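# Reading the structure
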Amino acid sequence: MANTDYSSAMLTDMYEYTMLDAAMQDGTADRHCVFEVFTRHLPAGRRYGIVAGLGRIVELLKDFRPSESDLRFLRDRHVVSEKTAKWLEDFSFSGTIRAYREGEAFFANSPILEVEGTFAECTLLETLVLSVLNYDSAIASAASRMTSAAGNRPCMDMGGRRANEGAAVAAARAAIVGGFAGTANLAAAKKYDLLCIGTAAHAFTLLHDNERDAFVSQVNALGPGTTLLTDTYNIEKAITTAVEVAGPELGGIRIDSGDLASLAQKARKQLDSLGATNTKITVTNDLDEYALAALQTAPVDSYGVGTMLVTGSGHSTCAMVYKLVEREGADGEMHPVAKKSFGKSTDGWRKRALRCYQYGLAQGELVLCGSADKLASWQAPVEYGDTKDLLITAVDHGDIDESLASKEALLAARDYHRKALDELPVTALSLSNGEQAIPTEVLTLE
């Protein structure tokens with residue numbers, strides 16, 4: 001991505017710095033606090049969400065401090081006082097972050113991420129954390145629905161031209177968490193060491209005097225194993241020409257328009273009759289999970305998904321919020337805090353999240369609210385069945401687990417995503433409107 005003249009500490013809203021400045025002046029900046037990220041509801045009709053973005057948060061947090069030019073800007077705009085600007089010169093996050101691992105399923109009121117530390121350091125992370133988790137999880141959730149609908153056929157990200165250039169890279173990564181096999185985006189492929197795909201667009205065919213010349217050029221450059229785009233003019237004639245040019249070892253054809261199911265069926269028959277029995281068929285053209293489900297019986301080998309992937313298939317955010325749930329009082333003790341406003345109430349205290357199972361199948365999610373001591377000592381009654389704690393530690397008192405940002409962690413998240421889905425009731429994979437796959441129970445420990 002392009003270089004910028006600001007640090008990740010500026011990927012935030014102004015009020016976080018003004019709150020910091022006020023707290024620095026009134027003496028509350030060092031109060032110990034716990035913030036929590038959750039969503040009050042899943043998008044309408046969705047039965048689960050998939051967490052993505054923790055690896056990016058860890059990566060961005062490594063250099064999360066205002067640069068000299070950032071501080072000069074904050075001073076010049078009178079966003080912070082000189083006292084606060086001086087404090088920011090030596091800032092580094094020394095708190096703790098616990099979160100659902102990437103690839104985990106989440107539901108309404110799941111405490112997806114918890115930030116603990118002083119108010120001063122925790123409040124600065126709000127916008128960055130939310131912007132990453134909201135977008136990446138939305139893309140991973142859409143990708144999960146798409147790959148579930150596609151079955152064993154690989155899905156590839158082709159959405160770069162349908163999103164902001166930075167979002168395109170983030171979307172490519174999040175798509176991997178949701179089960180995608182690779183991307184057309186070179187920046188994402190380089191940054192995350194992903195499989196990259198791509199050959200030619202219609203413009204390459206139109207550049208040449210005829211389709212045969214275009215195919216000859218592409219095969220000469222990329223070899224007979226390349227994929228040729230066959231719907232610029234007439235698909236049937238294009239397939240005949242493609243096999244004549246590349247031979248029966250032609251790697252693949254791509255169809256980007258029309259009734260994809262019937263065209264793929266006809267193309268398969270034609271390819272087989274020409275001896276190109278191993279030539280693969282890829283289809284593209286504004287696919288979403290519903291289109292992929294409709295193509296289940298068509299002889300298609302892989303899919304390229306663009307617009308609907310990078311826009312979250314109609315839901316480009318998860319509506320996650322970042323709320324203070326526990327803080328140190330003037331007495332030095334930790335106290336729960338919560339909003340009581342209608343429709344936006346929150347549950348006080350830090351949280352412990354567990355998934356409850358019977359015979360290896362998830363039955364529900366249990367969210368415990370309470371003090372650190374009470375949460376640690378709580379034992380699940382037998383009626384809850386087998387339980388699994390969902391929160392892992394990503395940052396421990398400023399010590400960042402950088403392995404969470406590695407390629408190995410990304411691929412592990414994709415594998416974990418599949419395991420998480422296998423644990424949910426089969427109705428979770430339904431594309432029809434419905435309630436979330438498992439219920440969430442919130443329990444406050446007295």
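Preceding this section is the structure that the text describes.
Cut-offs applied
- Residues numbered from 1 in each chain as written.
- Predicted model: local features only at pLDDT ≥ 70, side-chain atom pairs only at ≥ 80, totals over all residues.
- Heavy atoms only, no water.
- Axes fitted to C-alpha atoms, helices over the stretch in contact; angles between N-to-C directions.
- Helix = DSSP H or I, 4+ residues; strand = E, 2+ residues; numbered from the N terminus.
- Parallel < 35°, antiparallel > 145°, perpendicular 65-115°, else oblique.
- Contact = heavy atoms within 4.5 Å.
- Nonpolar A, V, L, I, M, F, W, Y, C, P; charged D, E, K, R; others polar.
- Pairing = 2+ DSSP bridges.
- Buried < 20%, exposed > 50% of the residue type's maximum accessible area, 1.4 Å probe, protein only.
- Left-handed = near helix turned anticlockwise from the far one by under 90°.
- Phe/Tyr/Trp six-rings, centres within 6.5 Å; stacked < 30°, edge-to-face > 60°.

For the pair helix α6 (residues 126-150) and helix α16 (residues 407-422), the least separation of the axes is 12 Å and the interaxial angle reads 70°. Put simply, α6 runs roughly perpendicular to α16. Two secondary-structure elements touch here, α6 through Ser-144, Thr-147 and Ser-148 and α16 through His-417, Arg-418 and Leu-421. Tallied by class, the residues present in the contact of α6 with α16 amount to 1 nonpolar, 4 polar and 1 charged.

With that settled, consider the sheet that holds strand β16 (residues 386-389). Backbone hydrogen bonds are what pair the strands of a sheet, in a parallel or an antiparallel way. Strand order in the open sheet formed by 4 strands is β16-β14-β15-β19, with mixed pairing between adjacent strands. Every other strand in the sheet has two partners, leaving β16 and β19 (440-444) as the edge strands with one partner each. Direction aside, neighbouring strands of the sheet carry axes that sit 30° apart on average.

Taking burial as the measure, the 8 residues of helix α2 (residues 54-61) include 6 buried ones, the bulk of the element. Taken residue by residue, α2 has Leu-54, Gly-55, Arg-56, Ile-57, Val-58 and Leu-61 as its buried positions.

Following the sequence through the fold, Thr-241 ends up in helix α11 (residues 235-246). Contact partners of Thr-241, with chain neighbours within four places excluded, come to Arg-212 and Phe-215.

With that settled, consider the packing of α6 against helix α7 (residues 165-177). One way to put it is that α6 packs onto α7 with a least axis distance of 8 Å and a crossing angle of 45°. With respect to α7, the axis of α6 lies oblique. Judged by the twist between their axes, the crossing of α6 over α7 is right-handed. Packed against α6, whose contacting residues are Tyr-135, Asp-136, Ile-139, Ala-140 and Ala-143, the element α7 presents Ala-167, Ala-170, Ala-171, Ala-174, Ala-175 and Val-177 at the interface. Class assignment for the residues of the contact of α6 with α7 results in 10 nonpolar, no polar and 1 charged.

A few words now on the packing of aromatic side chains. One pass over the full model with this rule turns up 5 aromatic pairs. Ring centres 5.0 Å apart and planes at 25° place the aromatic pair Phe-35 and Tyr-322 in the stacked group. One end of the pair, Phe-35, is in strand β1 (residues 32-39); the other, Tyr-322, is in strand β12 (residues 320-328), and 287 residues separate them in sequence. Tyr-322 carries the same exposure label as Phe-35, and that label is buried. Seen in terms of ring centroids, Phe-64 and Phe-91 are 6.1 Å apart; in terms of plane orientation they differ by 70°. Their pairing is edge-to-face. Residue Phe-64 is found in the loop between α2 and α3 (68-76), and its partner Phe-91 is found in the loop between α4 (82-89) and β3 (96-100); the two are separated by 27 residues along the sequence. Here a set of aromatic residues connected by ring pairs shows up, and it is made of Phe-35, Phe-119 and Tyr-322.

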